[in-house]
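Below are the chains, spelled out letter by letter.
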Amino acid sequence: MNYNLPSHLSELPVYKKAMDIIMLSRSISTYLNHDLSYLNHDGTEDNDIYFSGDIVQQSSNLAPEIINAERERYSEKKHKHLESLERLTNKLYSNCRRLERSKSNGRDYLPILKGELKTFRKLQRSWMMTL
């Protein structure tokens, strides 16, 4: 990500937590992909492999939405970024629940990511009040 970050942004707890979630979701996805990349006995692929990619994509979009909300001057546009951030968080949590039902040993790490998301949501709510 090559953004012109506002100077205070790297110190925001919500931004720091978003960066932690990106790293964690990438690690979990790599672990899950190793287990889920094999074909089933009938030659089909495991559909859960797509959810592992989704958690990486969704978590990677958290930080840019925070940046966009911080940069935006108009409250209406700011709220659109906040709504998008809320949707991403909900989808990410939902995909974690789906992956917990997968046939991978990596699913044991998903409660850690869900815990980080819970913390992120708390930080997100208090951060939203400051905007």
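A quick note: this is a predicted structure, and the numbers were derived from the prediction, not measured.

Rules and cut-offs
Each chain has its residues counted from 1, running along the sequence as written. Since the coordinates come from a predicted model, pLDDT governs what is reported: local features require at least 70, and pairs of side-chain atoms require 80 or more to be given and counted, while whole-chain, interface and lining totals use all residues. The side-chain values count all of the structure's non-hydrogen atoms but skip hydrogen atoms and water molecules. Helix and strand definitions here come from DSSP, where helices need a minimum of 4 consecutive H or I residues and strands a minimum of 2 consecutive E residues; each element is numbered from the N-terminal end. Remark: exposure states derive from per-residue accessible area (1.4 Å probe, protein chains only) relative to the maximum for the residue type, with buried under 20%, exposed over 50%, and partly exposed in between. Residues are treated as being in contact if the distance between any of their heavy atoms lies within 4.5 Å. Confidence scores here are pLDDT values: one per residue, from the predictor, ranging 0 to 100. Put simply, buried Ala, Val, Leu, Ile, Met, Phe, Trp, Tyr and Cys residues joined by side-chain atoms within 4.5 Å make one nonpolar core. Expected span of a helix, by definition, is 1.5 Å for each gap between consecutive residues, and there is one gap fewer than residues. Each Phe, Tyr or Trp ring, with Trp reduced to its six-membered ring, pairs with another whose centre is within 6.5 Å; inter-plane angles below 30 degrees give stacked pairs, above 60 give edge-to-face pairs, and intermediate values give tilted ones. Put simply, a charge is over a ring when the Lys NZ or the Arg CZ is close to the ring centre, within 6 Å, and near the line of the ring normal, within 35 degrees. Axis lines are fitted to C-alpha atoms, over the contacting stretch for helices. Their N-to-C directions set the angle, which ranges from 0 to 180 degrees. To sort the angles, those under 35 degrees are grouped as roughly parallel, those over 145 as roughly antiparallel, those from 65 to 115 as roughly perpendicular, and the leftovers as oblique. Three categories are distinguished: nonpolar for Ala, Val, Leu, Ile, Met, Phe, Trp, Tyr, Cys and Pro, charged for Asp, Glu, Lys and Arg, and polar for the others, with Gly belonging to the last. What makes a salt bridge here is a side-chain nitrogen of Lys or Arg within 4 Å of a carboxyl oxygen of Asp or Glu, nothing more.

**Some words on the overall build of the protein**
Inference 1: Counting secondary structure elements, the protein contains 5 helices and 0 strands.
Inference 2: Ordered by position from N to C terminus, the α and β elements of the protein give α-α-α-α-α.
Inference 3: Referenced to the eigenvectors of the C-alpha coordinate spread, the extents of the protein come out at roughly 55 × 25 × 20 Å.
Inference 4: Counting over 131 residues, the protein shows a buried share of 40%.
Inference 5: Once local pairs closer than 6 in sequence are excluded, the contacts in the protein between residues at least 24 apart make up 75%.

**Remarks on the confidence of the model for the protein**
Inference 1: Per-residue confidence for the protein averages 87 on the pLDDT scale, and 95% of its residues sit at or above 70.
Inference 2: Across the protein, the element-wise mean pLDDT spans from 89 in helix α2 (residues 48-60) up to 94 in helix α5 (residues 110-130).

**Comments concerning the nonpolar core**
Inference 1: Among the nonpolar cores identified, the biggest contains 28 residues, and Leu62, Ile66, Leu113, Phe120 and Trp127 are the most heavily contacted of them.
Inference 2: Sorting the residues of this core by element identifies α1 (13-36), α2, α3 (62-71), α4 (75-100) and α5 as the ones contributing at least two each.
Inference 3: Among the elements that line this core, the one with the most residues is α1, at 8 residues.
Inference 4: Each residue touching Phe120, except ones within four places of it in the same chain, is listed here: Val14, Lys17, Ala18, Ile21, Leu62, Ile66, Leu85 and Thr89.

**What about α4?**
Inference 1: For α4, which comprises 26 residues, the first-to-last C-alpha distance of 37 Å matches the rise-based estimate of 38 Å (1.5 Å per residue) to within 8%.
Inference 2: All of the buried residues along α4 are Lys78, His81, Leu82, Ser84, Leu85, Leu88, Thr89, Leu92, Ser94, Asn95, Cys96 and Leu99.

**Some details on the packing of aromatic side chains**
Inference 1: Tallied over the entire structure, the rule returns 1 aromatic pair.
Inference 2: Ring centres of Tyr31 and Tyr109 lie 5.5 Å apart, and the angle between their planes is 80°; this geometry places the pair in the edge-to-face category. Highlighted residues: Tyr31 in helix α1 and Tyr109 in the loop between α4 and α5, separated in sequence by 78 residues.
Inference 3: Under the relative-accessibility criterion, Tyr31 is labelled partly exposed at 38%.
Inference 4: Its guanidinium or amino end placed over the ring of Tyr93, Arg121 lies 4.8 Å from that ring's centre, counting from NZ or CZ.

**Some thoughts on the packing of α2 against α3**
For any two helices packed against each other, one specifies the crossing angle of their axes together with the interaxial distance.
Inference 1: At their nearest, the axes of α2 and α3 sit 4 Å apart, and the two run at 20° to each other. On the basis of their axis angle, the class for α2 and α3 is roughly parallel. Together, Gln58, Ser59 and Ser60 of α2 and Leu62, Ala63 and Pro64 of α3 make up the contact between the two elements.
Inference 2: Taken together, the residues of the contact of α2 with α3 break down into 3 nonpolar, 3 polar and no charged.

**Let's talk about the pattern of salt bridges**
Inference 1: Across all of its chains, the model carries 3 salt bridges by this definition.
Inference 2: Where Lys16 meets Glu11, a salt bridge forms, and the shortest distance between an N and an O atom there is 3.9 Å.
Inference 3: On the basis of relative accessibility, which here comes to 40%, the residue Lys16 falls in the partly exposed class.
Inference 4: Assessed through its relative accessible area of 55%, Glu11 is described here as exposed.
Inference 5: Among the salt bridges present, the one from Lys114 reaches Glu100, with a minimum N-O distance of 3.1 Å. One end of the pair, Lys114, is in helix α5; the other, Glu100, is in helix α4, with 14 residues separating them in the sequence.
Inference 6: By relative accessible area, Glu100 is classed as partly exposed at 24%.

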